[in-house]
Structure formats: structure tokens, C-alpha cells
Amino acid sequence: MSAIAEAPSIPLRAPGRTRSASALVTLAKRRASLTSKTPRQIAVPLLGPALLAVVVAPALKVATGGLHSHIDYTSFVGVGSVGLVIPLSCIFAGLSVLVDRHSGAQRELLAAPVPRAYLVLGNLIVAIGLATLQVAVLIGLSAIRGGAFHITGAGVAWFVAAALLFTVFMYGVAETLASKVTKQEDYVGATPAVAILPFFFAGALFPIGAMPGVLTAIAKAFPLTHALALMRYGFIDPSGKGLHDIWGMHNVAVEAWLSLAVVALYAVALTAISIRVFSRSAVS
Amino acid sequence: MSTGDTTDGHRPVLRSIDGLGMDAGMPAVQVSQLRKTYPGGVEAVKGIDFEVAAGEVFGLLGPNGAGKSTTIGMLTTTVRPTSGTARLAGYDVATQPLLARSVSSVVFQDAVVDGALSGRANLELHARLWGVPAARAGQRIKELVDAVGLSELIDRPVSSYSGGQRRRLEIARALVSTPRVLFLDEPTVGLDPRIRHELLDVIVGLRNREDMTILVTTHYLDEAQRLCDRVAIIHEGQIVALDSPQVLLAGLGREILEFRVDGSPQAALAALRERGVARDDGFAVGARVTVPLHEHAAADALAVIDSERLRVSEIATRVPTLDDVYLELTGARMDEAA
């Protein structure tokens with residue numbers, strides 16, 4: 001081992017806007033590097049939803065004759081599967097927070113001169129990127145399997161906005177859960193309730209109006225129900241039938257904005273909660 | 001912004017950030033009436049006070065549970081103080097946590113690294129988060145990697161490193177940002193003796209070369225004796241002694257007599273005190289009696305033992321260590337408590 005040369009003076013900088021942005025990018029890059037080292041985090045959340053979109057939906061369409069409406073059932077389930085892939089993707093991403101805490105560099109990050117909220121936001125950026133990739137693959141597979149999509153600029157905007165806000169919401173749920181539980185077993189144990197259960201009530205495989213009235217009412221409280229209705233409004237159902245099932249209005253644009261507001265509200269609330277819970281759990 | 005560079009190119013001990021930083025002569029670490037009570041009422045730190053001068057190596061000694069890690073946690077802003085204040089380079093850790101963190105780095109007791117990433121990626125992450133300019137970071141990383149002997153391994157995933165290599169990487173990482181205050185929390189715990197000594201050499205080298213304040217916690221007293229300018233012995237959340245190792249040791253004289261008693265060690269100690277050979281700083285732990293001799297010779301003590309017909313064994317004299325200081329102050333063997 002050799003001696004270290006005289007340390008040059010490093011100009012210390014108080015955290016400013018540029019420095020904050022740089023720190024956020026650094027944290028996101030770190031998370032992306034770690035994620036890319038575990039390809040299963042990218043592929044595994046996609047398997048189940050992809051099977052739904054390319055095997056189950058076309059088979060059910062043949063067996064049941066589809067939705068008996070102008071909406072193609074393969075593309076209906078193709079979009080509905082997004083309601084599974086995003087939660088699973090975010091739950092996997094949240095698992096990495098637990099790994100960070102138990103065997104990673106979380107304490108080093110907590111000792112860094114960056115706001116602790118950035119640790120959550122850096123992870124969120126990567127979770128969004130990963131979910132975007134998975135959703136794109138899923139919709140692509142559904143289209144290849146024969147799903148009928150009507151892509152317009154406005155439709156893409158509604159789809160992206162709904163998917164993005166729902167991802168933000170789900171990552172907030174995952175991060176909050178990861179900060180609350182101490183063991184990976186507990187976290188994994190909560191996954192069915194958090195990530196899978198809403199999928200069956202939110203109209204992913206059938207319109208929510210097909211359920212008993214009580215369950216339809218409950219479904220309207222789930223952000224996933226609103227997100228799926230918006231995504232279908234954007235890609236496969238310009239008449240907004242799913243939005244009508246939720247709001248019962250005659251103006252589909254108003255219904256779309258209302259649903260977007262609901263998803264946005266959930267997203268903002270869960271992001272705030274996740275930051276608060278993480279920051280509190282990081283300091284004893 | 002003043003970086004305080006001097007004309008001879010050496011980094012001065014004190015710098016300031018936008019006029020907010022420490023003034024010349026200000027301690028690098030100031031702790032005043034710092035207290036931490038955890039939920040449930042466990043009082044881990046009971047109102048401690050100490051200051052560490054810029055450039056000083058300061059040791060916090062004590063067994064596990066004494067309050068060392070809680071103190072470090074409060075200084076590094078991962079434990080919220082219940083009351084009292086702590087400042088790093090003039091920045092209050094409670095009200096200016098970002099600034100306090102910007103002037104400090106920590107080497108944690110256990111491995112805190114991204115194992116899937118390379119050693120270099122771990123160092124670069126630290127550099128970017130602490131705002132070290134890229135060009136300077138590259139040069140600094142190269143120097144540090146050479147200094148801790150990791151040049152051959154630095155581009156391998158950290159998960160392939162041994163425990164000692166990982167600890168050296170963490171020390172290098174903490175130094176990338178040239179912190180004004182470096183916290184070493186039990187830096188050698190869990191390492192085998194050879195690696196422990198190797199690592200101590202690295203730390204001693206740093207101490208000699210870098211103008212930084214080091215606050216090290218340990219329950220290895222030989223380590224503290226070797227590294228520290230001053231030590232605080234912490235026991236049950238309170239500082240029971242604070243001075244240089246030399247002064248603390250001088251309090252016990254130049255030589256210590258130690259023996260094992262077959263019978264009551266307290267009675268043996270009382271007899272030695274009655275005959276003026278032992279003072280109040282003599283102590284017994286289990287069957288073992290330790291007597292600082294001060295102005296007496298070992299022969300005086302042996303004469304008392306003979307005349308009192310004490311049945312003793314394993315009689316030995318030796319120079320005092322910090323272990324004796326700790327035992328004298330706390331009445332408990334440190335490694336037993338640990």
C-alpha cells in the first residue's frame with residue numbers, strides 16, 4: 001500500500017438546484033445499474049400479464065364470443081393486463097429497497113448530503129422507466145396477437161398519462177410497504193393483496209358493470225379502475241364505455257379528466273406518504 | 001465561496017462554505033448535553049458533552065450498548081437527538097443536516113456497499129453525491145485506491161471482495177470527498193487479526209497524511225491507544241473519563257500488579273489498602289485483583305500478601321493499559337460487557 005498524496009481542497013457546495021438535479025440523476029443511475037444486474041426484475045413481472053394478453057384473452061374471445069360490443073376482447077385484456085404488469089413491476093422495484101436496507105448501501109446514501117426524499121424519487125424514476133418498457137412490450141405482444149388498437153395522438157396522451165400516474169401511485173405503495181416491513185418474507189406475503197387483488201375488481205378482464213352492484217361500487221374506489229378506463233379510452237374505446245361505467249355522465253371528456261384527477265390524487269398522496277414513511281423509518 | 005487554499009498548496013484544516021462554515025479555532029465536532037431516549041424509555045445517551053479539535057483523532061470507547069453507535073448516529077443524522085446539540089464544522093446536525101452531512105463521511109461497522117457494483121462504481125457514487133467535481137474525483141479515487149491497495153480489484157464487483165478488502169474500500173470511499181470529519185464506527189470489528197493490523201496501518205497512514213478530524217468508536221482499547229489523540233470512555237450512556245491515553249494511563253502509575261486470589265478478592269484488596277500499598281484505584285474483577293503500584297514496588301505488595309497469608313496465584317506485573325483505566329472507572333471487564 002502506498003501513501004496518499006496531499007488531499008487537494010475540494011470546494012464544498014451548499015446544495016442548490018443544479019446540485020439537487022445532479023444528485024437525483026446520480027441516485028436514479030445507481031438504481032438503474034443495480035436493476036440491470038438483475039434481469040429477472042425486468043422479465044419476471046412481464047410473464048403473467050403477457051400470457052394473459054397473448055394466450056388467455058384470445059382463447060376466451062373464441063370460447064365466449066368476446067364482449068359482444070364494438071370493443072375487441074383481445075385488446076381489452078391486453079390493456080387490462082397493464083393493470084397487473086405495473087403493480088408487479090413496482091412491487092419488484094420496492095423489494096430492492098429492502099435489499100438496500102439489509103445488504104446494500106442505504107446507510108451510505110442516508111449519510112449523503114442530499115435530501116432523503118431523493119432516495120425515493122431516484123428509485124421512482126427507474127420504476128417508471130422499467131414499467132414503461134414492460135407496458136410497451138405487453139401492448140406490442142397484444143397487437144401482434146391480433147388486438148385491435150386505434151392509436152391517435154390524443155389517445156396516446158391519455159394512455160401515457162394514466163399509465164404514468166398509476167405507476168407513480170403503485171411505486172408509492174411499494175416504497176411505503178418496504179419502509180414499513182422489516183422482513184422480505186412479510187413484504188412478499190403482502191404482494192397478492194397489494195398488487196394482484198385489485199386487478200380482479202378493476203375491470204381488467206371484464207367491464208365493472210358485469211359485477212354485482214356492491215362490487216362495482218367498490219371497484220370505482222380503486223385507482224386501477226380509473227387508470228384502465230382511461231387507457232382503454234386512449235387506445236381501444238374512444239366512446240369511453242369504461243368511463244361511463246364509472247361516472248354515468250354523458251360527456252366523455254369530463255369523465256376522462258375526472259378519472260385522471262382521481263389517479264393523480266392517489267399518485268400524489270402515495271408519493272408524499274412514501275417519502276414521509278421512508279424518511280421517518282430512516283431515522284430512529 | 002472560500003475554499004481556504006493556502007499559497008503552499010496544502011489544504012488548511014479549516015474552510016468555510018459561503019460564510020456559514022467554521023471559524024478558525026472552532027472545534028470540528030461540538031457536542032453539548034446530547035441525549036437520546038428511544039421509544040420505550042431506553043436512555044441510550046444521557047447528556048454527554050465533548051469537543052473535538054480540527055485535525056484531532058478522537059476515540060469513543062466503550063462496550064456494545066454503551067451508547068457509542070447512538071452517538072455516531074446522532075452526529076451523522078440517522079438518529080434524532082432527544083435533546084442537546086451537536087455541530088459538525090459549525091453546522092447543527094438537527095437544523096442543518098445537509099450541510100453537516102456535506103462535511104463528513106462515515107465508515108460503518110458492517111458492510112454498507114452495493115455488492116453488485118464494482119468498487120470503482122461505489123467510489124464514484126460517493127463522489128457524485130458529495131459533489132466532488134468529476135476530474136478531481138477521478139484523480140482522488142486513483143490515489144486512494146493505490147493507498148489502500150485495491151488497484152487490482154477496483155473494477156471487480158464488490159461482492160467478490162473479502163471482508164478486509166471491503167472495509168478498505170469503504171475507508172477509501174469515505175475519503176473521496178475529503179471530509180472534514182471522518183467517522184469510523186468500529187472499523188476493525190469482525191476482521192481477523194492480520195487484516196485488523198493491516199487496516200490499522202492504513203488508518204494510521206491516513207491520520208498522518210490527511211488534514212481531517214477523525215472520530216473513531218471502538219471497544220478494542222489497544223486500537224484506541226494506537227490511534228487516538230484523546231479518548232472518551234463511555235459507559236451506560238455517560239462519559240466517565242475524557243483525556244489523552246497518556247494522561248489516563250499516567251493516573252495508574254508506571255506499573256500494575258495483577259494476581260488471582262483463592263478466597264475473597266475484596267478482602268485481599270482491603271488488606272493491601274490498609275497497609276498503604278493499594279489506593280482507591282485498585283480493583284477486583286472476579287477472582288483477579290489489579291493494583292496500580294504508583295510509588296510502591298511490587299515487592300511491597302508481595303510482602304503484604306505474604307504477611308496476610310493470602311493464597312494467590314498468577315502474580316505478574318505489567319504496564320497499565322486503557323483496559324485498566326476502563327476497568328477502574330466502570331468496574332466491569334470491557335470485553336465481557338461487549
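Residues numbered from 1 in each chain as written. Chains lettered and ligands numbered in written order. Predicted model: local features only at pLDDT ≥ 70, side-chain atom pairs only at ≥ 80, totals over all residues.

1. Regarding the overall build of chain B
Definition in use: Under the scheme used here, helices are H or I runs from DSSP no shorter than 4 residues and strands are E runs no shorter than 2 residues, and both carry numbers assigned from the N terminus. We call a residue exposed when 12 or fewer other C-beta atoms sit within 10 Å of its C-beta, buried when the count reaches 20 or more, and partly exposed for counts in between; the C-beta positions come from the backbone. Each residue is represented by a C-beta atom placed from its backbone, and any two residues with such atoms within 7 Å are regarded as in contact.
Broken down by element type, chain B carries 12 helices and 14 strands. Split into buried and exposed, the 338 residues of chain B put 48% on the buried side. Long-range contacts, defined here as pairs at least 24 residues apart, represent 69% of the contacts in chain B between residues at least 6 apart.

2. Regarding the sheet that holds strand β4 (residues 83-88) of chain B
Residue and element names in this part refer to chain B. The cut-off we apply is this: In this description, strands pair whenever DSSP reports at least two bridges between them. All axes are obtained by fitting lines to C-alpha atoms, using only the stretch in contact for helices, and the reported angles, taken between N-to-C directions, cover 0 to 180 degrees.
Ordered in space as β2-β1-β4-β5, the four strands form an open sheet in which the pairing is antiparallel. Strands at the two margins of the open sheet, each flanked by one partner only, are β2 (43-52) and β5 (91-92). In the sheet, strand β1 (residues 29-37) pairs with β2 via seven bridges, with the strands oriented antiparallel. Within β2, the position partnered with Thr37 by the bridge is Glu43. Packing of helix α1 (residues 68-75) onto the sheet brings it into contact with β1, β2 and β4, and relative to β1 it is tilted by some 115°.

3. Examining the pairing of β4 of chain B
All names here are of chain B. Across five bridges, β1 lies against β4 in antiparallel orientation. Counted as the bridge partner of Arg35 is Ser83 from β4. Judged from the two bridges that link them, β4 and β5 form a sheet pairing that is antiparallel. Within β5, the residue paired with Arg87 across the bridge is Asp92. What sits between the antiparallel neighbours β4 and β5 is a turn of two residues, in which Ala89 has the positive phi angle 50°.

4. Topic: the domain arrangement of chain B
This is how it is decided: Segmentation into domains, and thus their bounds, comes from an automatic or database assignment.
Under the domain assignment used here, chain B contains domain 1 (29-244) and domain 2 (253-319). Summarising the inter-unit geometry, the C-alpha centres of domain 1 of chain B and domain 2 of chain B are found 40 Å apart.

5. With respect to the environment of Val189 of chain B
Assignment of secondary structure puts Val189 of chain B in the loop between β7 (181-185) and α6 (193-209). According to the C-beta neighbour criterion, Val189 of chain B is partly exposed, with 17 such atoms within 10 Å.

6. Some words on α1 of chain B
Residue and element names in this part refer to chain B. Counting buried residues along α1, eight of its eight residues qualify, which places the element largely inside the surrounding structure. Of the positions making up α1, those classed as buried are Lys68, Ser69, Thr70, Thr71, Ile72, Gly73, Met74 and Leu75. The positive-phi residue at the C-terminal boundary of α1 is Thr77, with phi of around 65°.

7. Quick word on the packing of helix α6 (residues 117-144) of chain A against helix α12 (residues 252-282) of chain A
Residues and elements named next belong to chain A. Convention followed: Our angle categories are set so that under 35 degrees counts as roughly parallel, over 145 as roughly antiparallel, 65 to 115 as roughly perpendicular, and the remainder as oblique. Two helices that cross are described as forming a left-handed crossing if the nearer one is turned anticlockwise from the farther one by less than a right angle, and a right-handed crossing if clockwise. Under this grouping Gly is polar, as are all residues other than the nonpolar Ala, Val, Leu, Ile, Met, Phe, Trp, Tyr, Cys and Pro and the charged Asp, Glu, Lys and Arg.
In the contact formed by α6 and α12, the axes pass within 8 Å of each other and the chain directions differ by 130°. On the basis of the axis angle, α6 is oblique to α12. As α6 packs across α12, the resulting crossing turns out to be right-handed. Of the residues in α12, those in contact with Ala117, Leu119 and Val120 of α6 are Ser274, Ile275, Phe278 and Ser279. Split by residue class, the contact of α6 with α12 holds five nonpolar, two polar and no charged.

8. Observations regarding the pairing of strand β13 (residues 288-292) of chain B
Residue and element names in this part refer to chain B. Counting buried positions along β13 yields four of five residues, so the element is predominantly enclosed. The sheet contact formed by strand β11 (residues 256-261) and β13 spans five bridges and is antiparallel. Paired with Phe259 across the strands is Val289, a residue of β13. Sheet topology places strand β12 (residues 283-285) next to β13; three bridges connect them, and they run antiparallel. The partner of Ala284 across the bridge, within β13, is Val289.

9. Examining the packing of α6 of chain A against helix α7 (residues 153-180) of chain A
Residues and elements named next belong to chain A. Close contact between α6 and α7 brings their axes to 10 Å; oriented N to C, the two are set at 130°. As far as their axial angle goes, α7 and α6 are oblique. Here α6 runs over α7; the crossing is right-handed. Residue-level contacts link Val120, Asn123, Leu124, Ala127, Ile128, Ala131 and Val135 of α6 to Ala163, Leu164, Thr167, Val168, Tyr171 and Glu175 of α7.

10. Regarding the nonpolar core
Going by this rule: By convention in this section, buried Ala, Val, Leu, Ile, Met, Phe, Trp, Tyr and Cys residues joined through C-beta atoms within 7 Å make up a nonpolar core.
Ala162, Phe166, Phe169 and Met231 of chain A together with Leu61 and Ala172 of chain B are the most contacted members of the largest nonpolar core, which has 182 residues in total. Considering every element that reaches this core, the biggest residue donor is α7 of chain A, with 14 residues. Two domains share this core, each providing at least three of its residues, namely domain 1 (29-244) and domain 2 (253-319) of chain B. Not counting the four nearest positions on each side in its chain, Phe166 of chain A is found in contact with Ile86, Pro223, Leu224, Ala227 and Val263 of chain A.

11. Re the sheet that holds strand β9 (residues 230-235) of chain B
Residue and element names in this part refer to chain B. Ordered by their spatial adjacency, six strands build an open sheet running β6-β7-β8-β3-β9-β10, and the pairing between neighbours is mixed. The open sheet has two edge strands with one neighbour each: β6 (104-107) and β10 (238-243). For this sheet the average axis-to-axis angle between neighbouring strands, irrespective of direction, equals 15°. Strand direction decides the pairing type here: β6 and β7, joined by four bridges, are parallel. Within β7, the residue paired with Ser104 across the bridge is Val181. Against the sheet, helix α11 (residues 322-330) contacts β3 (57-61), β9 and β10, and its axis sits at roughly 40° relative to β9.

12. Thoughts on the confidence of the model for chain B
All names here are of chain B. To be explicit about the condition: Confidence scores labelled pLDDT are given residue by residue by the predictor and lie between 0 and 100.
A residue-level look at chain B finds 90% of positions with pLDDT of 70 or above and a mean pLDDT of 82. Per-residue pLDDT stays below 50 along residues 1-21; that stretch engages in 39 contacts with residues further than four places along the chain or on separate chains. Note on residues 333-338: pLDDT is under 50 here. Beyond four places in sequence and across chains, it has 12 contacts.

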